[in-house]
Amino acid sequence: MIIVLKQGCSKKTIDAIMKHVEKLGFSPHAIIGVERTVIGAVGDDRERHVLEVLEANPCVEKLVPILQPYKLASKQIRKEPSVIKVKGASFGGSHFGVIAGPCSVESEKQIVETAIKVKKAGARMLRGGAFKPRTSPYSFQGLEREGLKLLVKAREESGLPFVTEVINPEDVELVGEYTDMLQIGARNVQNFSLLRRAGKFGKPILLKRGMSTTIQEWLMSAEYVLSEGCRNVILCERGIRTFENATRNTLDISAVPVIHERSHLPIIIDPSHAAGVKNYIAPLSYAAMACGADGLIVEVHPEPLKAMCDGPQSLDIPEFIALMKKLKSLSAFNKKKL
Ligand code: PEP
Ligand code: MN
């Protein structure tokens, strides 16, 4: 249920209504908008009639039921797009944030050199996997804690904040202690205990779409994180599985306008895992920018031929510089700041 408050409510009144909502068995989430404040009361929908007593409060304008199964993620609760800030990087609204870096952290030289060079080209965040979810148990699984330390070193040397994946619920605190944003990958989009634990941790979350997840299921996963109190969620479309096998996955570019219609959360595109082939990364990135996406996450490696993971889809540094140049020239189209 959305509790719409009258304009000019004091903080004390808002707190008192939040307490009342809690007493009625729902969790209150205050959403401070430009025009007015609303309180989202989330809980068991079958019991929502108990909230009707709040209509008697002189500061409450009206109660509006949230029609979608996802509540805090829905556009109904917040009309304006959420702008998610991770240190100097912004995603959403008029901001187009670019995240770049290798699939996995391999060595100090590799990650520090990449961080410095992608920053110079205009990236706002660094990516790099320390814990890798691999299809084969025999493939490189990541440098784990050592990888996290190297990411911290790269952040110190470059000034770029970083995002890295957490695979297990038990590792949320370990990864969360180092990283600026937790990535929850395609394979874990419905790992509900991971979603809850990451949502409780409090750092921003990059939530990838699963390869066979519908948009509604994906938004329900975002709801798990939001309902734990995490407000800073960025969605990432990374391609879905279809009958087509010329590309690794099929980029569902239509997810961008659909998400923007249904949710206030920003959505970025991962052309690397969608295409799986480096020649397709630039055209898919331009499509992302043209259709109003809020950013990109791109795999970049100083020597893609030597990459331990996802080399064929990784851009080298000059290719990334060229991509950023063209994106800058396209950014006026959607009035997005790169
Ligand atoms: C990744 O970003 O390194 C990754 C494994 O992506 P996905 O979860 O989308 O496959
Ligand atoms: Mn990868």
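Residues numbered from 1 in each chain as written. Chains lettered and ligands numbered in written order. Predicted model: local features only at pLDDT ≥ 70, side-chain atom pairs only at ≥ 80, totals over all residues. Heavy atoms only, no water.

**Regarding the coordination of the manganese ion (ligand 2)**
The expected angle between donors at a tetrahedral four-coordinate metal is 109.5 degrees. At an octahedral six-coordinate metal it is 90 or 180 degrees. At the metal site, the manganese ion (ligand 2) is ligated by Cys103 (SG), His273 (NE2), Glu299 (OE) and Asp310 (OD), and these contacts range over 2.0 to 2.4 Å. Spacing between the donor residues of the manganese ion (ligand 2) along their common chain follows C-x169-H-x25-E-x10-D. Taken as a pair, His273 in helix α8 (residues 271–275) and Asp310 in the loop between β14 (295–299) and α10 (317–330) lie far apart in primary sequence, 37 residues in all. For Asp310, a relative accessible area of 17% puts it in the buried group. (Donors = N, O, S within 2.8 Å, 3.2 Å for Na, K, Ca; no water. Helix = DSSP H or I, 4+ residues; strand = E, 2+ residues; numbered from the N terminus. Buried < 20%, exposed > 50% of the residue type's maximum accessible area, 1.4 Å probe, protein only.)

**Notes on the site of ligand 1**
Residues in contact with ligand 1, as listed here, are Arg127, Lys132, Glu165, Gln183, Gly185, Ala186, Arg187, Lys208, Arg238, His273 and Glu299. Take Arg127: an N or O atom from its side chain is 2.8 Å from an oxygen atom of ligand 1. Measuring from an oxygen atom of ligand 1, one finds a backbone N or O atom of Ala186 at 2.8 Å. Its free accessible area being 290 Å², ligand 1 has 97% of it covered by the protein chains. (Near = heavy atom within 4 Å. Polar contact = N/O pair within 3.5 Å; in protein donor to acceptor, adjacent residues only side chain to side chain. Areas by Shrake-Rupley, 256 points an atom, 1.4 Å probe, with all protein chains shown as cover.)

**Brief notes about the nonpolar core**
Leu207, Trp218, Leu235 and Phe320 are the most contacted members of the largest nonpolar core, which has 76 residues in total. With 6 residues, the top contributor of residues to this core is helix α6 (residues 215–227). Shared between two domains, this core holds at least three residues of each, these being domain 1 (2–64) and domain 2 (84–334). (Core = buried A, V, L, I, M, F, W, Y, C linked by side-chain atoms within 4.5 Å. Domains from an automatic or database assignment.)

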